[in-house]
Amino acid sequence: MFFGQPITYEEPVFRPPSEWRSLLIQVTIGCSNNKCTYCDMYRSKTYRVRNLDDIKKDLQKCADSGMAPDKIFLCDGDALGAPMEVLEATLDTINELFPDVRRIGVYATAENILEKSEEELKRLADKKLNIAYLGLESGDDKVLHMIVKGNTAEDMVKASLKIKSCGFKLSTIAMLGVGGKKYSQQHIENTAKVISQTNPEFFSFLTTFAVPGTPYHTMVERGLIEPLTSKELLIEMHDILELSSFDLNSVIFRANHVSNAHPLGGTLPKDKEKILKTIKGWIDQTPEGLYPTAPERM
Ligand code: SF4
């Protein structure tokens, strides 16, 4: 059950962990990319932009039921890719019905960001669409190519800097273990480079699991990707953070997704040494050869 209970959602619906209290509004259905090899979130859906009248009806139902959300999250997979007229009209309706809404968030791909002009992104930010969640996954081009992410590390950097300069807060997500053992070292080094170049306001990790039915799972089954052990995943987390440089603006760091074995959080660079020490302790305690158990639902 979601906070937006009066709405009938086109399931499944996903949102970032930090949007757990947000009203969820579906602007698009599915994901316009829908090709990332590890992802099964929207494989059951065919991508489309919802009819504007239906979006407005959902918002009106929420207003009629007395909701006064502090935060709203626009679904599904990459709603920032919706046309400007749909996004602007949705945001205008939100601001009219819920004048006290503080923040509106959205998942975005690098492509979504690069396709929109700076002027367009600024217009959206002015209407309170002001946090974008970007699945960087890796800063390594070889890994990005292997997982069919559809963007290069350079695209990720350009998109990150662009959206930040247009008034959005950026929440960047990297995936531990996504390159398997073979590409682990370059995944660490190049992900740290992208994080250092972009300094998102929020940075988090997910742990990669080979979900049955995905091409990633098939590659693991065929021995083309060798998954990381629990210890190796922790080493990736430690080394990416250690190699990343953070400027004086604080980065809120979280590794509290259900896929991660150990919840962790803090402010960077202030808490960096403490966080690294905590991860080092976990690495020392974790036996060799142990693999993490996939959560029931990510
Ligand atoms: S990871 Fe994101 S961009 Fe890739 S298919 Fe899944 S929802 Fe779409």
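The rules behind these values
Residues numbered from 1 in each chain as written. Predicted model: local features only at pLDDT ≥ 70, side-chain atom pairs only at ≥ 80, totals over all residues. Helix = DSSP H or I, 4+ residues; strand = E, 2+ residues; numbered from the N terminus. Buried ≥ 20, exposed ≤ 12 C-beta atoms within 10 Å, placed from the backbone. Core = buried A, V, L, I, M, F, W, Y, C linked by C-beta atoms within 7 Å. Near = placed C-beta within 6 Å. Nonpolar A, V, L, I, M, F, W, Y, C, P; charged D, E, K, R; others polar. Axes fitted to C-alpha atoms, helices over the stretch in contact; angles between N-to-C directions. Parallel < 35°, antiparallel > 145°, perpendicular 65-115°, else oblique. Left-handed = near helix turned anticlockwise from the far one by under 90°. Contact = placed C-beta atoms within 7 Å. Pairing = 2+ DSSP bridges. Right-handed = clockwise from strand over helix to strand, strands pointing away. Expected span 1.5 Å × (residues − 1).

Explain unusual backbone geometry to me, and be specific about the residues and the numbers.
Glu 11 connects to Pro 12 through a cis peptide bond whose omega is -5°. In this structure, Pro 12 sits in the segment before β1 (23-26). With a phi close to 55°, Val 148 is a non-glycine residue in the positive phi region. Counting through the fold element by element, Val 148 comes out in the loop between α5 (141-146) and α6 (153-165). Among the residues examined, Val 148 registers 14 C-beta atoms within 10 Å and is labelled partly exposed.

Account for the nonpolar core, with residues named and values stated.
Ranked by size, the top nonpolar core spans 72 residues in total, and within it Ile 25, Leu 74, Ala 132 and Met 237 carry the most contacts. Broken down by element, this core gets its largest block of residues, 6 residues, from strand β6 (residues 129-137).

Tell me what's going on with the site of the ligand, and back it up with residues and numbers.
In the region of the ligand, the neighbouring residues are Cys 31, Asn 33, Asn 34, Lys 35, Cys 36, Cys 39, Met 41, Tyr 42, Gly 77, Asp 78, Thr 109 and Gly 135. Looking at the shell around the ligand, its residues break down into 5 nonpolar, 5 polar and 2 charged.

Got a sec to walk through the packing of α6 against helix α7 (residues 184-198)? Specific residues and values, please.
Direction vectors running N to C along α6 and α7 enclose 20°, while the axes themselves pass 9 Å from each other. It follows that α6 is roughly parallel to α7 by the angle criterion. Along this stretch, α6 crosses α7, giving a crossing that reads as right-handed. When α6 is examined against α7, the residues Ala 153, Met 156, Val 157, Ser 160 and Leu 161 are found in contact with a partner set consisting of Asn 190, Val 194, Gln 197 and Thr 198. Here the contact of α6 with α7 is composed, by residue class, of 5 nonpolar, 4 polar and no charged.

Lay out the environment of Thr 267 in plain terms, naming residues and giving numbers.
Structurally, Thr 267 can be placed in strand β10 (residues 265-268). Taking the C-beta count within 10 Å as the criterion, Thr 267 has 13 such neighbours and is therefore assigned partly exposed. Placed 66 residues apart in sequence, Thr 267 and Glu 201 show a C-alpha to C-alpha distance of 9.9 Å. Among all residues touching Thr 267, those that are not within four sequence positions of it are Ser 250 and Ile 252.

Can you tell me about the sheet that holds strand β7 (residues 169-176), naming the residues and giving the values?
Read across the sheet, 8 strands follow the order β1-β4-β5-β6-β7-β8-β9-β10 without closing on themselves; strand pairing throughout is mixed. Unpaired on one side and paired on the other, β1 and β10 mark the two borders of the sheet. Sheet twist, expressed as the mean angle between neighbouring strand axes with direction ignored, is 25°. Sheet topology note: the β1/strand β4 (residues 71-75) ladder contains 4 bridges and is parallel. Bridge pairing links Leu 24 to Phe 73 in β4.

Break down the environment of Thr 28 for me, citing the residues and quoting the values.
Within the element layout of this structure, Thr 28 appears in strand β2 (residues 28-29). Residues Thr 28 and Lys 193 lie 165 residues apart in sequence; the distance between their C-alpha atoms is 32 Å. Apart from the residues within four sequence positions on either side, Thr 28 is in contact with Tyr 47, Arg 48, Val 49, Arg 50, Asp 76, Ala 79, Gly 81 and Ala 82.

Describe the pairing of β4, naming the residues involved and giving the relevant values.
Counting buried positions over the 5 residues of β4 gives 4, a clear majority of the element. Here β4 runs beside strand β5 (residues 103-108); their pairing, made up of 4 bridges, is parallel. Bridged to Ile 72 within β5 is Ile 104. The handedness of the β4 to β5 crossover, carried by helix α2 (residues 84-97), is right-handed.

An account of the environment of Arg 43 is requested, with residue identities and associated values reported.
Of note, Arg 43 is situated in the loop between β2 and β3 (48-49). Using a count of 13 C-beta atoms within 10 Å as the deciding quantity, one classes Arg 43 as partly exposed. Along the sequence, Arg 43 and Glu 88 sit 45 residues apart, while their C-alpha atoms lie 28 Å from each other.

How would you explain helix α9 (residues 230-243) if you had to name every residue and give the values?
Along an α-helix, residues three or four positions apart point the same way, because every turn accommodates 3.6 residues. With 14 residues, α9 should cover 20 Å at 1.5 Å per step; its first-to-last C-alpha distance of 20 Å lies within 8% of that length. Taken residue by residue, α9 has Ser 230, Glu 232, Leu 233, Leu 234, Glu 236, Met 237, Ile 240 and Leu 241 as its buried positions. On its buried side, α9 packs onto β7, α7, β8 (202-207) and α10 (272-285).

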